[in-house]
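Each chain, written out:
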Amino acid sequence: MKISCHIHKLYTHLRNEIEAIPSRFDNEGNVIYNIRNCIKKINVAGEVWNVKSFKKPIPVNSFIYRYCRKTKAERSYKNAVRLLNLNISTPQPIAYIIEKNLLGIHRSYYISQQIAYDHTLGDLFRKPPQDAPHIIGECIKYINSFHRKGVYFLDLSVGNILIKRQADGGFTFYLIDLNRAKFYNRPLTCSESVKAFCRLDTTTEQKEDILRQYASVSGFDYEDVIHHYNQHKEDDFRRRKMKKYHIKRLRETLSHKRK
């Protein structure tokens, strides 16, 4: 098994400790997420790091990630670097590690600093603090700021924005789960911006309020925002329906062949 490791320039002095993470991962650290991918907090050189081990890909994807496409770990790392270069906050990237052989990718890891945050965006809706409306308003400004810089964040879910209160009363927002971010050399269009909100898991009333505030902050017409949002939701529904149809047909075909 060959291991490749790319380390941020701020952490090259910890190469030995970083390269040891794959051998430590299964038996050390505190699990903070373990659905499909596994995320752990691991102590390294006196710091707490966030280590994300991506699910081992199926054989065909393993081959594709080995020879045709960047792994999710590499994309997460490089997207984090690009965000920081654009002055968009995300946990400091430390390294990515890829285990591979001639047939494909075995496992991959993305390593970043662990952020001591106070809320996720989802917390503001599920168990809101008194100043939740104000924080949501500031978060919408943050989202608009990276949309204007050409960042299309495909996984804009309520769990992928972390919120940290600052001593001066302000807030810092951090994007996480970055492997599906895209970057354009222009601000996002109204349609692109609104499409990103389709994955927010909120009530209809909360979503309408978010879109109304986003229209005000971004300068887009509210009627255009709602039109594009509804269009994207309809398109997504049709795609999901078609996907279920094809999966059902495939299962029926395989079942028939086995008989």
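Above: the structure in question.
Report follows, based on the coordinates. (Residues numbered from 1 in each chain as written. Predicted model: local features only at pLDDT ≥ 70, side-chain atom pairs only at ≥ 80, totals over all residues. Heavy atoms only, no water.)

## Describing the environment of Asn87
Logical step 1: For Asn87, the location among the structural elements is in the loop between helix H4 (72–85) and strand E5 (93–101).
Logical step 2: Asn87 sits in the exposed class, given a relative accessible area of 69%.
Logical step 3: Sequence-wise, Asn87 and Lys149 are 62 residues apart; in three dimensions their C-alpha atoms are separated by 9.8 Å. (Helix = DSSP H or I, 4+ residues; strand = E, 2+ residues; numbered from the N terminus. Buried < 20%, exposed > 50% of the residue type's maximum accessible area, 1.4 Å probe, protein only.)

## Concerning the environment of Lys233
Logical step 1: Within the fold, Lys233 resides in helix H9 (residues 222–258).
Logical step 2: Separated by 38 residues in the primary sequence, Lys233 and Lys195 place their C-alpha atoms 8.3 Å from one another.

## Here we look at the nonpolar core
Logical step 1: Ile143, Phe146, Leu156, Ile161, Phe173, Leu175 and Phe197 are the most contacted members of the largest nonpolar core, which has 49 residues in total.
Logical step 2: At 8 residues, the largest contribution of residues to this core is made by helix H6 (residues 132–148).
Logical step 3: If you look at the next biggest cluster of nonpolar residues, it comprises 16 residues, including Ile42, Val44, Val51 and Ile94. (Core = buried A, V, L, I, M, F, W, Y, C linked by side-chain atoms within 4.5 Å.)

## As for helix H8 (residues 204–218)
Logical step 1: Here H8 is 15 residues long and its end C-alpha atoms lie 21 Å apart, about the 21 Å a rise of 1.5 Å per residue gives.
Logical step 2: Within the sequence span of H8, burial applies to Lys207, Ile210, Leu211, Tyr214, Ala215 and Ser218. Down the axis of H8, the buried side of the element spans an arc of 135°, and every buried residue falls inside it. The exposed residues of H8 that point more than 90 degrees off its buried face are Glu205 and Ser216.
Logical step 3: A positive backbone phi angle near 90° is found at Gly219, which sits one or two residues after H8. (Expected span 1.5 Å × (residues − 1). Arc of directions from axis to C-beta.)

## With respect to the layout of surface pockets
Logical step 1: Its volume calculated, the largest pocket comes out at about 940 Å³.
Logical step 2: Forming the walls of the largest pocket are 35 residues, and the residues nearest its centre are Ile39, Lys52, Asn160, Ile176 and Asp177.
Logical step 3: Residue contributions to the lining of the largest pocket peak at 4 residues, all from H4.
Logical step 4: A per-class count over the lining of the largest pocket returns 14 nonpolar, 12 polar and 9 charged.
Logical step 5: Each pocket or cavity is described by its volume, and for the second largest pocket that value is around 560 Å³.
Logical step 6: Around the second largest pocket, the lining is made up of 15 residues, and of these Arg180, Arg199, Asp236, Arg239 and Arg240 lie nearest the centre.
Logical step 7: Of all the secondary-structure elements, those providing two or more residues to the lining of the second largest pocket are strand E8 (151–153) and H9.
Logical step 8: The leading source of residues in the lining of the second largest pocket is H9, at 7 residues.
Logical step 9: Of the residues belonging to the lining of the second largest pocket, the class tally is 5 nonpolar, 1 polar and 9 charged. (1 Å grid on protein atoms, 1.4 Å probe; cavity = no way out; pocket = protein on both sides within 12 Å on 5 of 7 lines; lining within 4 Å. Points joined across faces, edges and corners; volume = space filled by probe spheres on them. Nonpolar A, V, L, I, M, F, W, Y, C, P; charged D, E, K, R; others polar.)

## Let's talk about empty space enclosed by the protein
Logical step 1: Within this structure, the stated rule accounts for 1 cavity of 30 Å³ or more.
Logical step 2: Taken as a whole, the largest cavity holds about 50 Å³ of empty space.
Logical step 3: Together, Leu121, Phe125, Ile136, Cys139, Ile140, Ile143, Phe197, Leu200 and Ile210 line the largest cavity.
Logical step 4: At 4 residues, the largest contribution of residues to the lining of the largest cavity is made by H6.
Logical step 5: When the residues that make up the lining of the largest cavity are grouped by side-chain class, the tally is 9 nonpolar, no polar and no charged.

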